[in-house]
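Structural overview for review
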Amino acid sequence: MTMQIADSVSLSASEAKARAKARAHAAAARDNLRTEPRAVRIVIIALAVMFLTVFVVLPLVVVFAQAFSRGLLAYFAALAEPEAMAAIELTLIVAAISVGLNLVFGLVAAWAIAKFDFKGKTFLITLIDLPFSVSPVISGLVFVLLFGAQGYFGTWLRDHDIQILFAVPGIALATTFVTFPFVARALIPLMQEQGTQEEEAAISLGASGLQTFFRVTLPNIKWGVLYGVLLCNARAMGEFGAVSVVSGHIRGETNTMPLLVEILYNEYQFVAAFAIASLLAMLALITLIVKTVLERHLDEGEDASDH
Amino acid sequence: MTIEVKNLVKKFGSFAALDGVDLKVDNGELLALLGPSGSGKTTLLRIIAGLDWPDSGEVSFNGEDALAQGARERHVGFVFQHYALFRHMTVFENVAFGLRVQPRAVRKDEASIRARVKELLDLVQLDWLADRYPSQLSGGQRQRIALARALAIEPRILLLDEPFGALDAKVRKELRKWLRSLHHEINVTSIFVTHDQEEALEVANRVVVMDKGRIEQIGSPDDVYETPATAFVHGFIGECIELPVQVADGVIRLGEQPLKLAADGLVPGASRLFVRRHDMLVGPPGSGAFEGAVQHVRNFGPVQRAEVALSGGETIEIDAPRDKELRAGDTIGLEPRRYRIFAG
Amino acid sequence: MGLTLSWLSVIILIPLAGLFLRSLELSPEQFWNILSSRRTLNALRVSFGLAFAAACVNLVMGSIIVWALVRYRFPGRRIFDAIVDVPFALPTAVAGVALTALFAEKGWLGAPLAALGIKVAFTPVGIFVAMIFIGIPFVVRTVQPVLQDLDPEIEEAAGSLGASRWQTIVRVILPSLAPALLTGLALAFARAVGEYGSVIFIAGNLPNVSEIAPLLIVIRLSEFRYADATAIAVVMLVVSFVIIFAVNRLQRWAQSRIPAR
């Protein structure tokens, strides 16, 4: 410290001033090494915040504003309509069926892909992703082509008096199709990372295949399973395009919540439409919150296995 | 280019990475900053490069205030520990990068850039790798490309952060020799950081030993090895026996046992005695300052390493020549040929 | 194992194979006539053209959002980070009615825009807006992890070699992000092309002007013109395949050039 004081005393006032200026310039240069000038930072943050506000926050807010625009009473009255109740019930049933099916088959598919090597694995992974990148309308269309009156199985189904299209089975089937990737996609990387050593250890200790699965594999991937189920459920309850094509829009029978939103909206029953929409929006928000929590658990799991 | 560092302080929160460091580096030197991790050596290097900034203190190049310049104006070549090669560029483009980003007024034309890159790749003996990507190179090759890239801008100073840290033992040894001869060839003032004493002693002209943000000793490799200035340096460099001793009334004691060693000029109180393993001379019982019983002997090429239980209560390892075979159970006398005692 | 494969083929392959079989029943001439009809061509043009334009906007704005979220600290950053996923999670029908309400002539944003003479809802601009909405998470979530994992030392290296901040961004950072940016662009495009729910409410659905291809499929189905619906669907499906294939190749190329550390 003493040396420094001696130094600054020996400098003349003008020299000290020049040095301070140079230092300030260099301090700016230091900041520029890994970040941008303050003005640029502010502009970028402002653009990002504005864009997300206009395209994400406002649409969300508008749903609730419209739903409550005639007051709480009108809101709850709209939800208590038999049509609304029927739609909610159907949505829950369809979601339960497709989540259940995809849980089982997502687990099996992820297991097969992560723990075994076989020909056509890459093809299989691509196949699993497919429903994500196909238009939901096309997903609905393929079931119409299969089970519709002119479909491949149409005649047979009619002869045996089985109703798939324009009925709950068709809606469940189409929903299962579009939500197929979620569970498998959540589990494949997780199971690949964990490898097969623990399972091999369990089997060498005398555990049966099922015991190994329930006591070793499943506890290791439980957060991943929940994550997949969560996203699968959100999409299943909210699916519109595919379900719209196969449902036939029979009021009180084959209308799920998203379909009812459309019908009410087209009939200018805005409060009722947005009331149902607000339930779905809340589902989305809760899903996102739970997702954030689960992601934290998944990260921790990863960290634990790293160290 | 000379470098002068005065009273440099850098804190990260309450942790002082540099706690008042003064250092002068002469033109054309090859200097090693040696110390354990957390000693502040990398922080010092980064401050000299302009990648970090001190809380207080001075850095000057040839007497000019370096802290008034940002990293990109300092013309310092920096070789990162993990090389930081641009993975989307070929080896050639990596080396050419510093030339291509020069301001248009001083930028060389394409032909001169190509010639210069070729020259540098020849210098690091890797011209045949010009079209490869960094991911296709071995660790040692990446290291040399990172060096060529740093040299492309004709740096006034070359800084290397743990240049051999990520390489396996055999490649390290080869590259050490290579770096020394390269420095001889280009003769740029260079500083490298290492935690490996062998590396520092073998490659550098001068070694700076650091601990806890302070410089413990500056000297030639021989100096720091033969006459360590502090207890830390003695313990850190070379294989060492460390014994807790008491200095009182002109006598040095190990436990209760008085040692036949001169205590002139020593500060009374708890102290530590340092001896190199090979500086403990073996004699008949009663012949030296220490006495002990051999517990266990192993042979290492020209020396035998013996575990000896001293009568003061400590067990030490010594390296003795193999002319007189030691056996477990022997009682021997030990005389330190050279030793240092530090208070504390 | 066998179970997996058979389940997969039942749930995914058979339906898709059915679609292609159906399209094979059409003669090439019929197929061509359906596709070259003015209304079909215009629907495909609207879907692909606007989807590409929206994906480009997403690429630029998504990069800006990623940069702000990863590199800067500002109040509400974590909340903004979380709500990027809203377009993923919000049912498309809800997004559709919400965007329509927002951009309708009397809506919160529609009213001021109308005052400026810009009509969004029930025009192609509305489709464009809806496609931007649903595409944004694809770019952000593809690029964000790559920028986060980018080695800070490469920026220091570029700086110490004399590169200006701008040169560092253009020559070092952007090329490192390029595979992720292209993947995000492709995913956002694929999603926007096939999007139905969030678009049809705001689109106006005027044939030849603001009618998207998925809606035309639905209309043809309701008219029992299955051949027309199938032909349009096959074209869109082939494009989806090409995009998935391109994205997979892109990822593999990126990994071979820049292996994970």
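Residues numbered from 1 in each chain as written. Chains lettered and ligands numbered in written order. Predicted model: local features only at pLDDT ≥ 70, side-chain atom pairs only at ≥ 80, totals over all residues. Heavy atoms only, no water.

**Points about the overall build of chain C**
Note the threshold: Think of it this way: any DSSP run of H or I at least four residues long counts as a helix, any run of E at least two long counts as a strand, and we number them from the N terminus. Classification of residues uses two cut-offs on accessible area relative to the type maximum, computed with a 1.4 Å probe and protein chains only: under 20% is buried, over 50% is exposed, and between them is partly exposed. In this description, contact between two residues means that some pair of their heavy atoms is separated by no more than 4.5 Å. Note on areas: Shrake-Rupley, 1.4 Å probe, and residue coverage restricted to the protein chains presented here. For the purpose of charge, His is not counted, nor are the chain termini; Lys and Arg are scored as positive and Asp and Glu as negative. Lys charges are placed at NZ, Arg charges at CZ, Asp charges at CG and Glu charges at CD.
Along the backbone of chain C there are 13 helices and zero strands. Along chain C, helices (α) and strands (β) appear in the sequence α-α-α-α-α-α-α-α-α-α-α-α-α when read from the amino end. Looking at the 261 residues of chain C, the share that counts as buried comes to 60%. For chain C, restricting intrachain contacts to residue pairs at least 6 apart in sequence, the fraction spanning at least 24 positions comes to 73%. For chain C, the exposed surface amounts to about 10,400 Å²; the carbon and sulfur share of it is 69%. Each charge sign in chain C was given a centre, from 20 positive and 14 negative side chains, and these centres are 2 Å apart.

**Quick notes on the interface of chain C and chain A**
Size of an interface: often given as the accessible area lost when the parts come together. Where we set the bar: Here's the idea: put two parts together, see how much 1.4 Å probe accessible area each one loses, and the total over both is what we call buried area. Any Lys or Arg side-chain nitrogen found within 4 Å of a carboxyl oxygen on Asp or Glu counts as a salt bridge. Side-chain atoms alone can form a polar contact between residues adjacent in sequence; in general such a contact is a pair of N or O atoms within 3.5 Å, and within protein one must be able to donate a hydrogen while the other accepts it. Gly is put with the polar residues, along with every residue not named as nonpolar or charged; the nonpolar set is Ala, Val, Leu, Ile, Met, Phe, Trp, Tyr, Cys and Pro, and the charged set is Asp, Glu, Lys and Arg.
Taken together, the contacts link 77 residues of chain C with 74 residues of chain A. For the pair chain C and chain A, the two sides together bury roughly 7,100 Å², of which 82% comes from carbon and sulfur. Summed over the shared surface of chain C and chain A, the result is two salt bridges. Between D85(C) and K291(A) there is a salt bridge, with its nearest N and O atoms 2.5 Å apart. Here chain C and chain A share six residue pairs in polar contact (both at pLDDT 80 or more) between them. Residues belonging to the side of chain C that touches chain A are distributed by class as follows: 58 nonpolar, 11 polar and eight charged.

**What to know about the sheet that holds strand β12 (residues 251–254) of chain B**
All names here are of chain B. To keep it simple, the criterion reads: Strands are treated as partners if at least two bridges between them are detected by DSSP. An axis is simply a line fitted to the C-alpha atoms; with a helix, the fit covers only the stretch in contact. Between two such axes, the angle follows the N-to-C directions and lies from 0 to 180 degrees.
With antiparallel pairing, five strands are arranged side by side in an open sheet as β13-β12-β11-β14-β20. Each edge of the open sheet carries a strand with a single partner, namely β13 (257–259) and β20 (340–343). Pairwise comparison of adjacent strand axes, ignoring direction, gives a mean angle of 40° for this sheet. Across four bridges, strand β14 (residues 269–276) lies against β20 in antiparallel orientation. Bridge pairing in β20 links R272 to F342.

**Points about the domain arrangement of chain B**
Residues and elements named next belong to chain B. Put simply, the rule reads: An automatic or database domain assignment supplies the residue ranges for each domain.
One can read the domain layout of chain B as domain 1 (3–233) and domain 2 (241–343). One C-alpha centre belongs to domain 1, the other to domain 2, and the line joining them spans 41 Å. At the junction of the two partners, domain 1 supplies eight residues and domain 2 supplies seven residues. Summed over both partners, the interface of domain 1 with domain 2 comes to about 600 Å²; 44% of that surface belongs to carbon and sulfur atoms.

**Focus: the packing of aromatic side chains**
Defined as follows: Pairing of aromatic side chains requires ring centres within 6.5 Å, counting the rings of Phe and Tyr and the six-membered ring of Trp. Pairs whose planes differ by under 30 degrees are stacked, by over 60 edge-to-face, and all others tilted. A ring is considered to have a charge above it if a Lys NZ or an Arg CZ atom is located within 6 Å of its centre and within 35 degrees of its normal.
Considering all chains together, one arrives at 23 aromatic pairs over all chains under this definition. The interplanar angle of 80° and the centroid separation of 5.0 Å between the aromatic rings of F132(A) and F182(A) together place this pair among those described as edge-to-face. In this pair, F132(A) sits in helix α6 (residues 121–133) while F182(A) sits in helix α10 (residues 181–194), placing the two residues 50 residues apart along the sequence. Overall, the relative accessible area of 33% leaves F132(A) in the partly exposed class. Looking at F182(A), the relative accessible area reads 14%, which means it is buried. Seen from their ring centres, F86(B) and F97(B) are 4.7 Å apart, and the 55° between their planes marks the pair as tilted. One end of the pair, F86(B), is in the loop between β6 (76–79) and α2 (91–100); the other, F97(B), is in helix α2, with 11 residues separating them in the sequence. The pair formed by F86(B) and F97(B) is uniform in burial state, with each residue classed as buried. Chaining the aromatic ring pairs together yields one cluster made of F240(A), Y265(A), Y268(A), F270(A), F274(A), Y196(C) and F201(C). Its end group placed over the ring of W53(B), R74(B) keeps NZ or CZ at 5.0 Å from the ring centre. Taking the ring centre of F86(B) as reference, the NZ or CZ of R149(B) above it sits at 4.6 Å.

**Quick notes on the layout of surface pockets**
Condition: With a 1 Å grid laid over protein atoms only, a set of points is called a cavity when a 1.4 Å probe fits there but cannot get out and a pocket when it is open yet has protein on both sides within 12 Å along at least five of seven lines; lining residues have an atom within 4 Å of a point. Grid points are joined across faces, edges and corners, and a volume is the space filled by probe spheres set on the points.
Quantified by volume, the second largest pocket comes out at close to 560 Å³. Elements with a minimum of two residues in the lining of the second largest pocket: α3 (38–67), α14 (257–266) and α15 (270–306) of chain A together with α6 (92–103), α11 (197–203) and α12 (213–222) of chain C. Broken down by element, the lining of the second largest pocket gets its largest block of residues, four residues, from α12(C). Here the lining of the second largest pocket is built from residues that sort into 16 nonpolar, eight polar and two charged.

**Section: the interface of chain C and chain B**
The interface is formed by 22 residues belonging to chain C together with 23 residues belonging to chain B. Between chain C and chain B, a total of about 2,100 Å² is buried, with carbon and sulfur atoms accounting for 60% of that surface. One salt bridge in this structure joins E156(C) and R46(B), with 2.6 Å as the shortest N-O distance. Counting the contacts that link chain C with chain B gives four residue pairs in polar contact (both at pLDDT 80 or more).

**Here's the deal with the sheet that holds strand β19 (residues 331–336) of chain B**
Residue and element names in this part refer to chain B. Pairing is antiparallel across the open sheet formed by five strands, whose spatial order is β15-β19-β16-β17-β18. At either end of the open sheet lies a strand with only one pairing partner, and these are β15 (280–283) and β18 (315–321). Strand-to-strand twist across the sheet, computed as the mean angle between neighbouring axes with direction ignored, equals 45°. In this structure, β15 lies alongside β19, joined through four bridges in antiparallel fashion. When the sheet's bridge partners are listed, V282 is paired in β19 with L334.

**Brief notes about the confidence of the model for chain C**
Note the cut-off: Within a predicted model, pLDDT stands for the predictor's per-residue confidence, ranging from 0 to 100.
Averaged over every residue, the pLDDT of chain C is 89; the share at 70 or more is 93%. Across the interfaces of the predicted complex, the ipTM metric reaches 0.91, alongside a pTM of 0.86.

**A short note on the side chain of R46(B)**
Mapped onto the elements, R46(B) comes out in helix α1 (residues 41–49). Apart from the residues within four sequence positions on either side, R46(B) is in contact with L51(B), D52(B), F78(B) and E156(C).

**A short note on the nonpolar core**
Put simply, the test is: Residues grouped as a nonpolar core are buried Ala, Val, Leu, Ile, Met, Phe, Trp, Tyr and Cys residues, joined through side-chain atoms within 4.5 Å.
In terms of nonpolar packing, the biggest core is built from 222 residues, with L33(B) and L44(B) touching the most fellow members. Per-element accounting of this core gives the leading share, 15 residues, to helix α3 (residues 38–71) of chain C. Residues L30(B), L120(B), L147(B) and L175(B) belong to the second largest nonpolar core, which totals 45 residues.

**Description of the pattern of salt bridges**
The tally for this structure, following the rule as stated, stands at 43 salt bridges over all chains. In this structure, the salt-bridge partner of D279(B) is R337(B), at a minimum N-O distance of 3.0 Å. Of this pair, D279(B) sits in the loop between β14 and β15 while R337(B) sits in the loop between β19 and β20; the two residues are 58 residues apart in sequence, bridging distant segments of the chain. With a closest N to O distance of 3.1 Å, R191(C) and E195(C) form a salt bridge. E195(C) carries the same exposure label as R191(C), and that label is buried. Taken together, the shared-partner salt bridges connect R172(B), R176(B), D196(B), E198(B), E199(B) and E202(B) into one network.

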